[in-house]
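Report on the structure
Below are the chains, spelled out letter by letter.
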Amino acid sequence: MTVAEGTALGRLAGLVECGGVVVLSGAGLSTESGIPDYRGPTGRSRNAQPMTYQRFVGSEQARRRYWARSHVGWRQIGAALPNAGHRAVAALERRGLLSGIVTQNVDGLHQAAGARQVIELHGGLDRVVCLSCRERTPRAELDLRLRAANPGWAADAGQINPDGDAVLTDEQVEGFRLVGCRSCDGVLKPDVVFFGENVPRPRVERCFELVGSARALLVLGSSLAIRSGLRFVDRAAALGLPIAIVNQGATGGDHHATLTVDAPLGATLTALTATTTPLRAQ
């Protein structure tokens, strides 16, 4: 570790160890678990065109393409394990230093690492929702149903996008059979916020309330390139809260930051946990 990195880590520890910190995490925190991001250093999904809500609800063929690709991609997303960064965040929460975690990720890895106070801003891929009756069911159940409906269908993908969407050819998608809701045969959608879809207002309000009661905001692995996450940084800045950003590369919130650390998340957060002490017993 260089002198500059050591100084930045010391300042970061000083900000966190007083407690009352809200974490805002993004895709960069999960890249070390093998899940790519759209804008980070991995770069391999920067040109991907994510599914929009409008296309999904407006076209059965679009839904067939999405679910065929997602059925393959779920193998990687569902099997992903928390990395050192997720474990470090959970450790900081257990030490009483965090008042909550707002994640833009849909992979469930914060919870898998043991974090409890997590708001999934964009939902979670481990759940499926019916657009008719609104029933929510586990993704694992849908995976079994799709396997049963498509015996003999197999496709290998050379690339998995950040939302669990595998890159498949039209020929691979052809013939993939969809299944409907078990209760009403309605259209099934992953319980995530697609591009072009709004985050539920009550969820947004919960996040604003969390930031409003925080002592500091810690941004982890987010480029803050879209309003969905940047609005919470803007709110923290308007409230005069200290803002620390740990990310590889510049972010859209750097002009608000009290401290920026451009470094790998896993190693940085592991070092951070080694330099902080519990605020209270959990």
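These remarks concern the structure in this document. None of the values given here were measured: they were computed from a predicted structure.

Some remarks on the sheet that holds strand 9 (residues 259-261)
- Spatially, the six strands line up as an open sheet ordered 3-2-1-7-8-9, and their pairing is parallel. If you trace the sheet from one side to the other, it starts and ends with strand 3 (118-120) and strand 9, each paired once. Going from strand to strand, the sheet's axes swing by 15° on average, the running direction of each strand aside.
- Pairing geometry for strand 7 (residues 216-220) and strand 8 (residues 243-246), over four bridges, is parallel.

Considering the layout of surface pockets
- Here the second largest pocket is characterised by a volume of approximately 210 Å³.
- Lining the second largest pocket are E60, R63, W67, L142, L146, L178, V179, G180, D185, G186, V187 and L188.
- Mapped onto the lining of the second largest pocket, the elements with two or more residues apiece are helix 3 (60-79) and helix 6 (139-149).
- No other element matches helix 3, which puts three residues into the lining of the second largest pocket.
- Along the lines of polarity and charge, the residues of the lining of the second largest pocket split into seven nonpolar, two polar and three charged.

Procedures and definitions
For every chain, the first residue of its written sequence is number 1, and the numbers climb from 1 along that sequence. Confidence filtering applies because this is a predicted model: local features only for residues at pLDDT of at least 70, side-chain atom pairs given and counted only at 80 or more, and all residues used for totals across whole chains, interfaces and linings. Side-chain measures were taken over the full set of non-hydrogen atoms in the model, leaving aside hydrogen atoms and water. Two strands qualify as a pair provided DSSP detects at least 2 bridges between them. Where helices and strands are cited, they refer to DSSP runs of H or I of at least four residues and of E of at least two residues respectively, numbered from the N terminus. Comment: axis = line fitted to C-alpha atoms, over the contacting stretch for helices; angle = value between 0 and 180 degrees taken between N-to-C directions. Lining residues are those with an atom within 4 Å of a point, where the points come from a 1 Å grid over the protein atoms alone and group into cavities, where a 1.4 Å probe fits but cannot get out, or pockets, open sets with protein on both sides within 12 Å along at least five of seven lines. Grid points are joined across faces, edges and corners, and a volume is the space filled by probe spheres set on the points. Here the nonpolar group is Ala, Val, Leu, Ile, Met, Phe, Trp, Tyr, Cys and Pro; Asp, Glu, Lys and Arg are the charged ones; every other residue, Gly included, is treated as polar.

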